[in-house]
Amino acid sequence: MKRFLVAIPVLLGLLPIGAAAQSVATAELHVSVKDPNGRLVTNAKVTVRDESRGIERTLENRPDGEYPFLSLPPGQYTVTVEAGGFARVTAVGVRVTVGQAAELPVMLSVSGQKTEVTVSGETEMVETQQTSVSTTINQQRIDN
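As a starting point, this report considers the structure included with it. Just so we're clear, the structure is a prediction, and the values are computed from it rather than from any experiment. (Residues numbered from 1 in each chain as written. Predicted model: local features only at pLDDT ≥ 70, side-chain atom pairs only at ≥ 80, totals over all residues. Heavy atoms only, no water.)

Inspection of the entire model under this criterion finds 5 salt bridges. In this structure, E56 and R49 form a salt bridge, with 2.7 Å as the shortest nitrogen-oxygen distance. Among the residues examined, R49 registers a relative accessible area of 24% and is labelled partly exposed. One salt bridge in this structure joins E82 and R88, with 3.9 Å as the shortest N-O distance. You can call E82 partly exposed: its relative accessible area is 31%. Here the salt bridges do not stand alone but share partners, grouping R49, E51 and E56 into one network. (Salt bridge = Lys/Arg side-chain N within 4 Å of Asp/Glu carboxyl O. Buried < 20%, exposed > 50% of the residue type's maximum accessible area, 1.4 Å probe, protein only.)

All right, on to the pairing of strand β1 (residues 27–34) then. With 6 of 8 residues buried, β1 lies mostly within the body of the structure. For β1 and strand β4 (residues 66–72), the ladder comprises 5 bridges, and the chain directions are antiparallel. Bridged to A27 within β4 is L72. In the sheet, β1 pairs with strand β7 (residues 101–107) via 7 bridges, with the strands oriented parallel. Within the sheet, the bridge partner assigned to L29 lies in β7 and is A102. (Helix = DSSP H or I, 4+ residues; strand = E, 2+ residues; numbered from the N terminus. Pairing = 2+ DSSP bridges.)

Negative phi is the rule for most residues except glycine; trans is the rule for most peptide bonds. We note that N61 has phi near 50°; this positive angle belongs to a residue other than glycine. Classification of N61 as partly exposed rests on a relative accessible area of 48%. Of note, S71 is a non-glycine position whose phi angle comes to about 55°, a positive value. Within the secondary structure layout, S71 lies in strand β4.

In this fold, N43 is placed in the loop between β1 and β2 (45–50). Note: C-alpha distance between N43 and D64 (21 residues apart in sequence) is 9.7 Å.

Counting 23 residues, the largest nonpolar core has L29, V31, V33, V46 and V79 as its most contacted members. For this core, the secondary-structure elements that each account for two or more residues are β1, β2, β4, β5 (75–82), β6 (88–96) and β7. V33 has contacts with R39, L40, V41, A44, V46, G65, Y67, V81, V106 and L108, leaving out every residue within four places of it along the chain. (Core = buried A, V, L, I, M, F, W, Y, C linked by side-chain atoms within 4.5 Å. Contact = heavy atoms within 4.5 Å.)

Right under this line is the structure:
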């Protein structure tokens, strides 16, 4: 009985460590792909790439036209959307931050020949899924 009573505080002391180990600083990016008429495109190939970290993820042929990239490390991404019969679209400088569930609507244009559309600059991301406030912590704050 004494061993059991001694083991309980030790086991309870490990619980917060396990919970802390599960919380990872990630973000989400939900890309919705539509044609010029506003209908969702289900046969698209969507790639998100963070060149600085060498991270690349691809989703293809989603039946709902929504391409959710979950558990992304926060950072700046290049998003490329390709679909048969449409011009390729590239969005450069798409930034996601810790805890953010960002949405990126992409409108494709019909293409009879090979055409590429590049969208550059800082895009304003609107988060409609979450009501919490989050911030990015820079290296100086971490060092302090």
